[in-house]
Amino acid sequence: MRKESELIGLPVISKKNGSKIATIKELIYSKKKYRVIGFLVNERNFFRDAEVIQFNNIYSIGKDALVIENESIIEKCSSLPEISKLINEKKIIEQEILTEDGESLGHVKDILIDDNNGKIIGFILTDGIFQDLKEGRNVLPYTPEILFGENSIIISNEVKNTFYRYKEDYKKILELL
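Parameters at a glance
- Residues numbered from 1 in each chain as written.
- Predicted model: local features only at pLDDT ≥ 70, side-chain atom pairs only at ≥ 80, totals over all residues.
- Heavy atoms only, no water.
- Patch = residues over 30% accessible without salt bridge, like charges linked within 9 Å, V, L, I, M, F, W, Y side chains within 5 Å.
- Areas by Shrake-Rupley, 256 points an atom, 1.4 Å probe, with all protein chains shown as cover.
- Salt bridge = Lys/Arg side-chain N within 4 Å of Asp/Glu carboxyl O.
- Buried < 20%, exposed > 50% of the residue type's maximum accessible area, 1.4 Å probe, protein only.
- Helix = DSSP H or I, 4+ residues; strand = E, 2+ residues; numbered from the N terminus.
- Arc of directions from axis to C-beta.
- Contact = heavy atoms within 4.5 Å.
- Pairing = 2+ DSSP bridges.
- Axes fitted to C-alpha atoms, helices over the stretch in contact; angles between N-to-C directions.

**Some points on a nonpolar patch on the surface**
A cluster of nonpolar residues, Met1, Ile121 and Leu176, forms a patch on the protein surface that exposes about 280 Å² of accessible area. Accessibility expressed as a relative area gives 69% for Leu176, which makes it exposed.

Pasting the structure below:
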């Protein structure tokens, strides 16, 4: 299990020759598949297309680097319509978590990911710096009932009640990282 913030900035290393060929700039999520489907390694500009590595083309994710077989694994974003569309979607980080009753549980500060398959495990929440220092950050485990809205993430009252019931237990997940 890894945090998104631990993956951003990792070097991408070629297993074939050991050279650094890129750096992870951003994770690309499919909110419908509830997983990371790729990594942005070069952003789009006037002179070049964005470049990505699809999650299923990764050899391994280590503590200090992401390893791929060779440089040919890096693909032009324009040749991958699904990923191209997802790059332009609103990001999950900083979105507010709201219950269906309109209660805010905080904002997404980081995302917990299973680095073996890319699945979203949960969200690390912040209630602001003072609350974070006083009580620590909360973890909201991912459940299929979570709805990714345009400007916020909506959870059911049932998910909210489970969150409050096991809030202290969920915080212990952060101690494992």
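**Let's talk about helix 4 (residues 157-165)**
Looking only at helix 4, the buried set comprises Asn157, Val159, Lys160 and Phe163. Viewed along the axis of helix 4, the buried residues span an arc of 155°, placing them on a single side of the element. Every exposed residue of helix 4 that faces more than 90 degrees away from the buried side is listed here: Glu158 and Arg165. On its buried face, helix 4 is in contact with strand 10 (96-99), strand 11 (104-113), strand 12 (120-126), strand 13 (138-141), strand 15 (152-155) and helix 5 (167-176).

**Here's the deal with the sheet that holds strand 6 (residues 51-54)**
Spatial ordering of the open sheet is given by 4-5-6-9, a layout of 4 strands whose pairing is antiparallel. Edge strands, defined here as strands with exactly one partner in the open sheet, are strand 4 (26-30) and strand 9 (75-76). For strand 6 and strand 9, the ladder comprises 2 bridges, and the chain directions are antiparallel. From the neighbouring strand, Val52 faces strand 9, where its bridge partner is Glu75.

**With respect to the pattern of salt bridges**
Applying the stated criterion to the full structure yields 7 salt bridges. Connected through shared salt-bridge partners, Arg2, Glu6 and Asp115 make up one network.

**As for the pairing of strand 6**
Summarising the sheet, strand 5 (residues 35-42) and strand 6 pair through 4 bridges and their orientation is antiparallel. Looking across to strand 6, one finds that Leu40 is bridged to Val52.

**Points about the sheet that holds strand 2 (residues 11-14)**
Strand order in the open sheet formed by 4 strands is 3-2-8-7, and the pairing between neighbours is mixed. Every other strand in the sheet has two partners, leaving strand 3 (20-23) and strand 7 (58-61) as the edge strands with one partner each. The average angle at which neighbouring strand axes cross in this sheet is 25°, direction not considered. Where strand 2 meets strand 8 (residues 66-68), 3 bridges bridge the pair, whose relative direction is parallel. Residue pairing across strands places Ser14 opposite Ile68, the latter belonging to strand 8.

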